[in-house]
Amino acid sequence: GDGLEDIREERGEGRERREAVERLRRAEEETRKLRDEVMRGEEERLRLGRLVEELDAGKERADRLADDVGRLEKEAEGREREAREKVEDAKRQAEAIREKARAKVQQLKRAFEDAARRSAADRARCDRAVKSARESVDIVRGQRTEIKRLKEEREGEERRR
């Protein structure tokens, strides 16, 4: 019976060894998973650190921008005040120019009326000159027509001969 018992013991040891190997394989797999988890955690920690740095830089930029906005608002108020003063000056100048323009228009109106009275006689002379010119054009047209008729008449006579 010793041989059978030895075989059973060897089988038991073989099973125990296989189970131990399997437990070791599972432990190594679990260790690998835990190592991967630790690496992911470390990557996440680094990523969060970078995000915190970016947030700090963003806060500094926001603070600078807020300062710039305040400064720009003050500058804008000053420019707005200057612009209002310039507009008021321009309105005053425009009113003065309007007054000068009204006076000039009255002066020109009087001069135009005087010129219109003086030019009535000139207009009558021009009308007579235009009438005379039209009459001259009519006379020249008549003469051209007569010349053309005479030429045709002469050419007709020459053809008959």
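Structure first, text after, so check above.
Numbering of residues begins from 1 in every chain and follows the order in which that chain's sequence is written. Selection of residues for local features in this predicted model requires a pLDDT of at least 70, selection of side-chain atom pairs for listing and counting requires 80 or more, and totals for whole chains, interfaces and linings are taken over all residues. Side-chain numbers here rest on the full set of heavy atoms in the structure, without hydrogens or water.

Student: I tried to follow the overall build of the protein chain on my own but got confused; where do I start?
Tutor: Looking only at helices and strands, one finds one helix and zero strands in the protein chain. Our radius of gyration is a C-alpha quantity, and the globule rule it is checked against amounts to 2.2 Å times the number of residues to the power 0.38. Rg of the C-alpha trace for the protein chain: 59 Å, well past the compact-globule value of 15 Å for 161 residues, more than 25% over. C-alpha extents for the protein chain along the principal axes are approximately 170 × 80 × 15 Å. Type-normalised accessible area, obtained with a 1.4 Å probe on protein chains alone, sets the label of each residue: buried when under 20%, exposed when over 50%, and partly exposed for intermediate values. Scored against the burial criterion, the 161 residues of the protein chain give a buried share of 2%. Accessible areas in this description were obtained via Shrake-Rupley with a 1.4 Å probe; residue shielding takes into account the shown protein chains only. When the accessible surface of the protein chain is totalled, it reaches about 15,200 Å², and 53% of it is carbon and sulfur. Think of it this way: any DSSP run of H or I at least four residues long counts as a helix, any run of E at least two long counts as a strand, and we number them from the N terminus.

Student: Is there a simple way to explain the environment of Lys151 in this structure?
Tutor: Structurally, Lys151 is set in helix H1 (residues 2-160). Between the C-alpha atoms of Lys151 and Lys86, which are 65 residues apart in sequence, the distance is 82 Å.

Student: When you look at the pattern of salt bridges in this model, what are you seeing that I'm missing?
Tutor: Opposite charge on two side chains allows them to pair when their charged atoms are near. The term salt bridge refers to a side-chain nitrogen of Lys or Arg lying within 4 Å of a carboxyl oxygen of Asp or Glu. All told, the structure shown has 22 salt bridges when counted by the stated rule. The residue Glu22 makes a salt bridge to Arg26 at a minimum N-O spacing of 3.4 Å. Separated by four residues within a single helix, Glu22 and Arg26 lie in helix H1, roughly one turn from each other. Of the charged contacts in the structure, one is a salt bridge between Arg102 and Glu95, with a shortest N-O distance of 3.8 Å. The class of Arg102 is partly exposed, set by a relative accessible area of 43%. Its relative accessible area of 32% is what places Glu95 among the partly exposed residues. When salt bridges that share partners are traced, they join Asp68, Arg71, Glu75 and Arg79 into one network.

Student: What exactly am I supposed to notice about the environment of Val87 here?
Tutor: By the secondary structure assignment, Val87 is in helix H1. The class of Val87 is partly exposed, set by a relative accessible area of 42%. C-alpha of Val87 to C-alpha of Thr145: the two residues are 58 residues apart in sequence and 73 Å apart in space.

Student: When you look at a negative patch on the surface in this model, what are you seeing that I'm missing?
Tutor: Patch membership is restricted to residues that have no salt bridge and whose relative accessible area is over 30%. Joining uses 9 Å for like charges and 5 Å for the nonpolar side chains Val, Leu, Ile, Met, Phe, Trp and Tyr. Counted charges follow a simple rule, with Lys and Arg positive, Asp and Glu negative, and His plus the chain ends left uncounted. Working definition for charges: the position is that of NZ of Lys, CZ of Arg, CG of Asp or CD of Glu. Side chains of Asp2, Glu5, Glu9, Glu10, Glu13, Glu16 and Glu19 sit close together on the surface and give a patch of like negative charge. Structurally, the position occupied by Asp2 is in helix H1. In this structure Asp2 comes out as exposed when scored by relative accessible area, which is 59%.

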